[in-house]
Amino acid sequence: MQNRTVFVFGLIMVAAGVFFLLGNLLQFDPWPLFGPLALIALGVWLLFKPRMTAAGAPSNVLFIGDIKRSGVWQVIGEEFIAFISDIDLDLTQAQVLPGETVVVCSGFIGDVTIITPPGLGIKVSSTAFVTELNFLGSKTTSFLNPTAQATPDYATVERKVHIQARYFIGDVKIKAG
């Protein structure tokens with residue numbers, strides 16, 4: 001799924017570049033056409049995009065906003081979609097069911113912070129134009145390249161959370177609690 005996302009994103013970037021290049025060469029302003037087309041494409045994607053989490057999992061959609069979870073709460077497979085978002089999930093007191101729980105965070109600009117307790121498996125997969133990933137003190141920056149990191153015991157632990165970050169510009173921080 002991540003390779004398909006990168007491919008589609010690449011096609012969109014190439015098409016936009018060609019469109020603006022033609023605008024410069026043919027002396028026309030592409031914004032009156034490109035702006036509405038971008039909004040229509042975003043709307044169609046939101047309506048018909050494939051589910052990225054389990055069937056029946058909730059999708060939380062906002063334009064701009066913060067999502068904060070802390071204290072005692074149950075981690076479920078869910079999806080957060082926002083144009084600009086700040087997502088803070090404190091898992092130190094959270095109830096995580098056995099198996100893998102997938103949490104998808106997507107949008108244009110996103111800042112995701114996860115605080116994890118000892119013994120919980122954490123995996124982060126990020127697909128973005130620019131990603132800065134700080135995974136338990138190890139910092140990675142990638143440009144047009146998917147990046148992923150996981151705790152060493154991820155494959156063997158009973159409870160694990162997989163964070164999938166899909167942004168144009170993404171900043172993901174995993175901290176020990």
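Residues numbered from 1 in each chain as written. Predicted model: local features only at pLDDT ≥ 70, side-chain atom pairs only at ≥ 80, totals over all residues. Heavy atoms only, no water.

A. Structural context of the pairing of strand 3 (residues 78–90). The sheet contact formed by strand 1 (residues 59–69) and strand 3 spans 10 bridges and is parallel. Note on strand 3: the bridge partner recorded for Asn60 is Phe80. Two strands pair when backbone bridges link them, and strand 3 and strand 5 (residues 99–116) are joined in this way by 12 bridges, in the parallel orientation. The partner of Ile81 across the bridge, within strand 5, is Ser106. (Pairing = 2+ DSSP bridges. Helix = DSSP H or I, 4+ residues; strand = E, 2+ residues; numbered from the N terminus.)

B. Region of the structure containing the nonpolar core. Membership of the largest hydrophobic core comes to 24 residues, with the highest contact counts inside it found for Leu91 and Val161. Where this core is concerned, the elements lending two or more residues are strand 3, strand 5, strand 6 (121–135) and strand 9 (159–176). Once residues lying within four places of it in the same chain are set aside, the contact partners of Val161 are Val75, Leu91, Val96, Thr101, Val103, Leu120, Gly121, Ile122, Lys123 and Tyr154. (Core = buried A, V, L, I, M, F, W, Y, C linked by side-chain atoms within 4.5 Å. Buried < 20%, exposed > 50% of the residue type's maximum accessible area, 1.4 Å probe, protein only. Contact = heavy atoms within 4.5 Å.)

C. Main features of the side chain of Lys173. Its place among the elements puts Lys173 in strand 9. Take Lys173: its relative accessible area is 19%, and that puts it in the buried class. At a separation of 2.5 Å, a polar atom in the side chain of Lys173 contacts the side chain of Asp111. A polar contact of 3.1 Å, which involves the side chain of Lys173, links it to the side chain of Asp171. Contact partners of Lys173, with chain neighbours within four places excluded, come to Asp111, Val112, Thr113, Ile114 and Asn134. (Polar contact = N/O pair within 3.5 Å; in protein donor to acceptor, adjacent residues only side chain to side chain.)

D. View of the pairing of strand 7 (residues 138–143). With 6 bridges connecting them, strand 6 and strand 7 associate as antiparallel partners. Of the residues in strand 7, the one forming a bridge with Glu132 is Thr141. In this antiparallel pair of consecutive strands, strand 6 and strand 7, the connection spans 2 residues, and Leu136 shows a positive phi of 50°.

E. Up close: unusual backbone geometry. The backbone phi angle of Leu136 is positive, close to 50°, even though this residue is not glycine. Residue placement: Leu136 occurs in the loop between strand 6 and strand 7.

F. Fine view of the packing of aromatic side chains. Here the structure, examined in full by the defined rule, presents 5 aromatic pairs. For the pair Phe63 and Phe83, a centre-to-centre distance of 5.2 Å together with 5° between the ring planes defines the contact as stacked. Residue Phe63 is located in strand 1, and its partner Phe83 is located in strand 3; the two are separated by 20 residues in the primary sequence. Classification of Phe63 by relative accessible area gives exposed; the value is 58%. According to the relative accessible area criterion, Phe83 is partly exposed, its value standing at 35%. (Phe/Tyr/Trp six-rings, centres within 6.5 Å; stacked < 30°, edge-to-face > 60°.)

G. Main features of the environment of Gln95. Mapped onto the secondary structure, Gln95 falls in strand 4 (residues 95–96). For Gln95 and Gly71, which are 24 residues apart along the polypeptide, the C-alpha to C-alpha distance reads 9.8 Å. Those residues in contact with Gln95 that lie beyond four places of it in its chain are Val72, Trp73, Gln74 and Val75.

Read these as geometric descriptors, not functional statements.
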